[in-house]
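A structural walkthrough
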Amino acid sequence: MNKSKPSKPFLREHITSALQDYFSKLEDEPARNIYSLVLNEVESALLAIVMKEVKGNQSRAAEWLGLNRGTLRKLLVKYDLS
């Protein structure tokens, strides 16, 4: 089966939708540290799914992510994914 690549805004649309949903559920709660929250959530999810896709092979994961293995290892420890 031939898989076609999604268009570039595909991921952005999902992120936008998730953020709109998040803000709508805040109600009267003040939004704080959104930048850090989003980066941590996205980074940890990205690392988890990439590690699953490469079956735990850190060298392949680092290549996929465009990181060196040392940086990848630090991030895996940071998010308790090692």
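Computed from a prediction, not measured in an experiment: that's the story for all the values here.

1. So, helix α2 (residues 34–53)
Between the first and last C-alpha of α2 there are 28 Å, a value that for 20 residues agrees with the 28 Å anticipated at 1.5 Å per step. Residues of α2 that are buried: S44, L47, V50 and M51. For α2, the buried positions fall inside an angular range of 140° around the axis, keeping them on one side. Along its buried surface, α2 packs onto α3 (58–65) and α4 (69–78).

2. Regarding α4
Every buried residue belonging to α4 is among L72, L75 and L76, and all of these are buried. Along the axis of α4, the buried positions cluster into a sector of 100°, meaning they face one direction only. Residues of α4 that are exposed and point more than 90 degrees away from the buried face comprise K74, V77 and K78. Looking at the buried positions of α4, the neighbouring elements they touch are α2 and α3. In this structure N68 caps α4, since a side-chain oxygen of it lies 3.0 Å from the backbone nitrogen of G70. Of the residues trailing α4, D80 is marked for its positive phi of about 55°.

About the thresholds
- Residues numbered from 1 in each chain as written.
- Predicted model: local features only at pLDDT ≥ 70, side-chain atom pairs only at ≥ 80, totals over all residues.
- Heavy atoms only, no water.
- Helix = DSSP H or I, 4+ residues; strand = E, 2+ residues; numbered from the N terminus.
- Expected span 1.5 Å × (residues − 1).
- Buried < 20%, exposed > 50% of the residue type's maximum accessible area, 1.4 Å probe, protein only.
- Arc of directions from axis to C-beta.
- Contact = heavy atoms within 4.5 Å.
- Polar contact = N/O pair within 3.5 Å; in protein donor to acceptor, adjacent residues only side chain to side chain.

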